[in-house]
Amino acid sequence: MESFHKAIEAGAAGFEFDVRQSRDGALVVIHDPRRKRPRLSVASSSAAALGLPLLEDVLRTFRAAWLDIEIKVPGIERQVIELAHRHLDPARFVITSFRARSVREIKRLSPTTPAGWLFKRTLLTLPRWISSPEKFGLPPLEYLCPHHSVLTRHLVKMARKRGLGLITWTVN
């Protein structure tokens, strides 16, 4: 959580972080599926053994920041939505994932929850579940989240035409 505090102290409006589930069902904030020191698997270790920040603590502590909550594993969508709505104003967060199924599940479970789809491939057209969500019984998506290397003028035009926000990202 130290890096999150430093980001806010430095003037950042918010930040992105990843969520995984520990063996005991706790939602923990960590990017990698394994903790390096001590070397532990997130999915097969308890939250206490991992010593990682819990999602609920991050949401409670940084409720004034804009948060990009990335779901790294399937099956935690409902829990993440419930915690986000319990602690945050919907104008202050987005839930994102590379897993299209997770993004669709977020919109199915909670149509008003801001959601975004992360991707790293060039898109010539949008997937039908984004361009015609009503055909899939889904409300519209709020954000496209392309890797910076696939952000093109064409993609920006497609997003603007459909009223989608863009959140681009890089690995640094």
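Our structure's up above, just so we're on the same page.
Participant: In this structure, what is going on with the overall build of the protein chain? I would like to understand it.
Facilitator: If you tally the helices and strands in the protein chain, you get seven helices and nine strands. In terms of C-alpha radius of gyration, the protein chain reaches 16 Å, essentially the compact-globule figure of 16 Å for 172 residues. Here the C-alpha coordinates of the protein chain stretch approximately 45 × 35 × 30 Å along the principal axes. Sorting the 172 residues of the protein chain into buried and exposed places 43% on the buried side. Taking the contacts inside the protein chain whose residues are at least 6 apart along the sequence as the reference set, 57% of them involve residues at least 24 apart. Of the roughly 9,600 Å² that the protein chain leaves accessible, carbon and sulfur atoms contribute 52%. Here the protein chain contributes 28 positively and 16 negatively charged side chains, and the mean placements of these two sets differ by 8 Å.

Participant: It is not clear to me how helix H7 (residues 153–161) should be interpreted in this structure. Could you clarify?
Facilitator: Residues lying three or four places apart along an α-helix face the same way, a consequence of the helix completing one turn every 3.6 residues. Taken together, the buried positions of H7 are Leu 155, Met 158 and Ala 159. Taken down its axis, H7 places every buried residue within 95° of arc, on the same side. Residues Arg 153, Lys 157, Arg 160 and Lys 161 are exposed on H7 and point more than 90 degrees away from its buried face. Buried-residue contacts for H7 involve strand S7 (115–119), strand S8 (143–146) and strand S9 (165–166).

Participant: Which parts of the structure should I look at to understand the nonpolar core?
Facilitator: In terms of nonpolar packing, the biggest core is built from 39 residues, with Phe 17, Leu 55, Leu 67, Ile 69, Trp 117 and Leu 144 touching the most fellow members. Of the residues forming this core, the biggest block, four residues, is contributed by helix H4 (residues 77–87). Ile 69 has contacts with Phe 17, Val 19, Leu 55, Leu 59, Val 80, Ala 84, Leu 88, Phe 93, Val 94, Ile 95 and Thr 96, leaving out every residue within four places of it along the chain.

Participant: Got a minute to help me understand the sheet that holds strand S6 (residues 93–97) in this structure?
Facilitator: Strand-to-strand pairing in sheets goes through backbone hydrogen bonds, with the strands running parallel or antiparallel. Read from one edge of the open sheet, seven strands run S2-S1-S5-S6-S7-S8-S9, paired in mixed fashion. Every interior strand has two partners, whereas the edge strands, strand S2 (27–29) and S9, have only one. Its contacts with the sheet place helix H5 (residues 100–109) against strand S5 (66–71), S6 and S7, and it is angled at close to 175° to S7. Where H7 meets the sheet, it contacts S7, S8 and S9, and its direction lies at approximately 165° from that of S8.

Participant: What should I look at first to understand the packing of H4 against H5 in this one?
Facilitator: The relative placement of two packed helices comes down to the angle between their axes together with the axis-to-axis distance. The geometry of H4 relative to H5 is characterised by a closest axis approach of 10 Å and an angle of 55° between their N-to-C directions. One way to sum up the angle between H4 and H5 is to call them oblique. The way H4 lies across H5 gives a crossing that is right-handed. On the side of H4, the interface is formed by Glu 77, Arg 78 and Ile 81, while H5 contributes Ser 102, Glu 105, Ile 106 and Leu 109. Here the residues of the contact of H4 with H5 sort into three nonpolar, one polar and three charged.

Participant: How should I be thinking about the pattern of salt bridges in this particular structure?
Facilitator: A side chain with one charge may pair with a side chain of the opposite charge, provided their charged atoms come close. Here the structure, examined in full by the defined rule, presents seven salt bridges. For Lys 72, the salt bridge identified is with Asp 18, shortest N-O distance 4.0 Å. Of the two residues, Lys 72 sits in the loop between S5 and H4 while Asp 18 sits in strand S1 (residues 14–21), which places them 54 residues apart along the sequence. With a relative accessible area of 21%, Lys 72 lands in the partly exposed category. We classify Asp 18 as buried; its relative accessible area is 6%.

Rules behind the numbers
Residues numbered from 1 in each chain as written. Predicted model: local features only at pLDDT ≥ 70, side-chain atom pairs only at ≥ 80, totals over all residues. Heavy atoms only, no water. Helix = DSSP H or I, 4+ residues; strand = E, 2+ residues; numbered from the N terminus. Rg over C-alpha atoms; globule rule 2.2 N^0.38 Å. Buried < 20%, exposed > 50% of the residue type's maximum accessible area, 1.4 Å probe, protein only. Contact = heavy atoms within 4.5 Å. Areas by Shrake-Rupley, 256 points an atom, 1.4 Å probe, with all protein chains shown as cover. Lys, Arg positive; Asp, Glu negative; His and termini not counted. Charge placed at Lys NZ, Arg CZ, Asp CG, Glu CD. Arc of directions from axis to C-beta. Core = buried A, V, L, I, M, F, W, Y, C linked by side-chain atoms within 4.5 Å. Pairing = 2+ DSSP bridges. Axes fitted to C-alpha atoms, helices over the stretch in contact; angles between N-to-C directions. Parallel < 35°, antiparallel > 145°, perpendicular 65-115°, else oblique. Left-handed = near helix turned anticlockwise from the far one by under 90°. Nonpolar A, V, L, I, M, F, W, Y, C, P; charged D, E, K, R; others polar. Salt bridge = Lys/Arg side-chain N within 4 Å of Asp/Glu carboxyl O.

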